[in-house]
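Below, each chain spelled out in residue letters.
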Amino acid sequence: MDDTPGTEPLRNDLANISTDMLHAIMELVSDGIWDWNANTGFVYRNPGWYEMLGYPRHSLENSVFTWESVIHPEDYPHVMAGFDDYVCQRAPLYRAEYRCRKYDGTYLWIEDRGYIIARNPDTSVARMVGAHRDIHARKCSIERLQKRNRSLETLVLERTLELSRVNQQLQLQLVENRSLAERDALTRIANRYRLEKVMLQECDRAERFRLSLALVAMDIDDFKPINDRYGHGVGDQTLVQVAEGLETCVRAGDVLARWGGDEFMLVLPNSTLQTAKEQAERVRHTIQNLFAVADPKITLSLGVVERRVGESPAALMARADQALYRSKAAGKNGVSE
């Protein structure tokens, strides 16, 4: 255990306190206290935490997703990097300063400290407690002092405002360009670049919080003869229609992408193999029914896999592709794992 010297007695004391008693104590503390049971995924947050951010008491989901959702997007990467370093024993402590979204939509600067009080036999985290402290006033004071020291800015204020306006326009254009760069030009769904980026992010999240993650690989059956018989114009229109049909099956949080040619992939965060198989069957039926009276008739072969612990995005996608080929070999228009 590579944690802060002197914290071991505290960790032992906390580990010996029952969960109910610990939470009762936390109810009396004004600071924002949290208690994460990593083995069950349950996160307790005391009333002080909710009051600090302006939310009704115990109104949010008791999971790590609540914590993720309130962190300012710009602060998220460095917060998770520090958290991972501590959890994986690469750092002696976990302490971070970042912004959290309040109930009214504004952001509050907080200091976050956490201590692991129990680990599993494989050294993974079993339980961790910590506190969020309001440091907004201090942060704002520092910012005000910094602004007062920028006397030269008043001399170039008009120029700064003009540059800011131009920068906003450039930022909007940049956002639009990024969006276009991550969308397939034909079907307008996510492209291969976007898929690979999402897979990396979701595999990291699944590994960090021990969440399930599933992937569905899909391929249009006998697509080449369609191009050969009807022409590439009909083939392209078929791809567009298939993509539109697939989008009707996508849940919030899922990511649908065109992998290439007539192959598509569906990323299913927080989904087990069974859930993914059910989703894949809905997709298969949707496309089959969509083209039931069309010429040519279109069906899909699908391969479904669930991520294994420690598995890389490339390995997961390769297994999904293998499952897809098993579906093809089994006669097409089916789902294989």
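Check the entry above for the structure.
Rules of the game
Residues numbered from 1 in each chain as written. Predicted model: local features only at pLDDT ≥ 70, side-chain atom pairs only at ≥ 80, totals over all residues. Heavy atoms only, no water. Pairing = 2+ DSSP bridges. Helix = DSSP H or I, 4+ residues; strand = E, 2+ residues; numbered from the N terminus. Core = buried A, V, L, I, M, F, W, Y, C linked by side-chain atoms within 4.5 Å. Buried < 20%, exposed > 50% of the residue type's maximum accessible area, 1.4 Å probe, protein only. Contact = heavy atoms within 4.5 Å. Axes fitted to C-alpha atoms, helices over the stretch in contact; angles between N-to-C directions. Phe/Tyr/Trp six-rings, centres within 6.5 Å; stacked < 30°, edge-to-face > 60°. Parallel < 35°, antiparallel > 145°, perpendicular 65-115°, else oblique. Nonpolar A, V, L, I, M, F, W, Y, C, P; charged D, E, K, R; others polar. Salt bridge = Lys/Arg side-chain N within 4 Å of Asp/Glu carboxyl O.

Draft legend 1. Quick look at the sheet that holds strand S8 (residues 263-269). Ordered by their spatial adjacency, five strands build an open sheet running S7-S8-S6-S9-S10, and the pairing between neighbours is mixed. The sheet is open, and its two borders are formed by strand S7 (255-260) and strand S10 (335-336), each paired with just one other strand. By the bridge criterion, two bridges tie strand S9 (residues 300-306) to S10 in an arrangement that is parallel. Considered in S10, the bridge of glycine 303 is made with serine 336.

Draft legend 2. The nonpolar core, seen in detail. One finds Trp36, Trp67, Phe83, Tyr94, Tyr98 and Met128 to be the most contacted residues of the largest nonpolar core, which totals 28 residues. At the level of secondary structure, the elements contributing two or more residues to this core comprise strand S1 (32-37), helix H3 (47-53), helix H4 (64-70), helix H5 (76-87), strand S3 (94-101), strand S4 (107-119) and strand S5 (125-134). Ranked by residue count, the leading element in this core is H5, at five residues. Excluding its chain neighbours within four sequence positions, the residues that come into contact with methionine 128 are Trp34, Asp35, Trp36, Phe83, Tyr86, Tyr94, Gly114, Tyr115, Ile116 and Ile117. Counting 25 residues, the second-largest nonpolar core is a separate cluster that includes Ile189, Ile226, Leu239 and Leu302.

Draft legend 3. Up close: the sheet that holds S5. The antiparallel open sheet is built from five strands, whose spatial order is S2-S1-S5-S4-S3. One side of each edge strand has no neighbouring strand; the edge strands of this open sheet are strand S2 (42-45) and S3. Put simply, the sheet's adjacent strands are angled 25 degrees from each other on average, direction ignored. As judged from the six bridges shared by S1 and S5, these two strands associate in the antiparallel manner.

Draft legend 4. Fine view of the environment of valine 198. Relative to the elements of secondary structure, valine 198 occurs in helix H8 (residues 192-209). According to the relative accessible area criterion, valine 198 is buried, its value standing at 2%. Sequence separation between valine 198 and valine 255 is 57 residues; the distance between their C-alpha atoms is 7.9 Å. Excluding its chain neighbours within four sequence positions, the residues that come into contact with valine 198 are Val255 and Val267.

Draft legend 5. A look at the packing of aromatic side chains. Throughout the structure, instances matching the rule amount to seven aromatic pairs. Centre to centre, the rings of tyrosine 55 and tyrosine 103 are 5.6 Å apart; their planes meet at 80 degrees, and the pair counts as edge-to-face. With tyrosine 55 in the loop between H3 and H4 and tyrosine 103 in the loop between S3 and S4, the pair connects residues that are 48 residues apart, well separated along the chain. Judged by centre distance (5.8 Å) and plane angle (85 degrees), the ring pair of phenylalanine 83 and tyrosine 94 falls under edge-to-face. Here tyrosine 94 lies in strand S3 and phenylalanine 83 lies in helix H5, a separation of 11 residues in the sequence.

Draft legend 6. Expanded view of the side chain of asparagine 120. Of note, asparagine 120 is situated in the loop between S4 and S5. Non-local contacts of asparagine 120, meaning those with residues more than four positions away in its chain, are made with Asn39, Val125, Ala126 and Arg210.

Draft legend 7. Representation of the packing of helix H9 (residues 223-230) against helix H10 (residues 232-247) in the model. Direction vectors running N to C along H9 and H10 enclose 140 degrees, while the axes themselves pass 6 Å from each other. Judged by the angle between their axes, H9 and H10 are oblique. On H10, the residues touching Phe223, Ile226, Asn227 and Tyr230 of H9 are His232, Val234, Gly235, Thr238 and Leu239. By residue class, the composition of the contact of H9 with H10 is five nonpolar, four polar and no charged.

Draft legend 8. Local environment of the pairing of S2. Pairing geometry for S1 and S2, over four bridges, is antiparallel. Note on S2: the bridge partner recorded for aspartate 35 is tyrosine 44. From the end of S1 to the start of S2, which pair antiparallel, there are four residues, and glycine 41 there has a positive phi angle of about 85 degrees.

Draft legend 9. Inspection of the pattern of salt bridges at higher detail. Applying the stated rule across the entire model yields 27 salt bridges. Ionic pairing is found between lysine 139 and glutamate 97, a salt bridge with its closest N-O pair at 3.2 Å. Taken together, the residues span a long stretch of sequence, with lysine 139 in helix H6 (residues 136-148) and glutamate 97 in strand S3 at a distance of 42 residues. For the pair lysine 139 and glutamate 97, a shared accessibility class is recorded, and that class is buried. Note that aspartate 222 is salt-bridged to lysine 332, the shortest N-O span being 2.5 Å. Here the residue aspartate 222 occupies a position in the loop between strand S6 (213-220) and H9, and lysine 332 occupies one in the loop between helix H12 (313-329) and S10, the gap between them amounting to 110 residues. Among the residues examined, aspartate 222 registers a relative accessible area of 43% and is labelled partly exposed. By relative accessible area, lysine 332 is classed as partly exposed at 35%. Each of Arg95, Glu97, Glu111, Arg113, Arg133, Arg138 and Lys139 takes part in one network of salt bridges that share partners.

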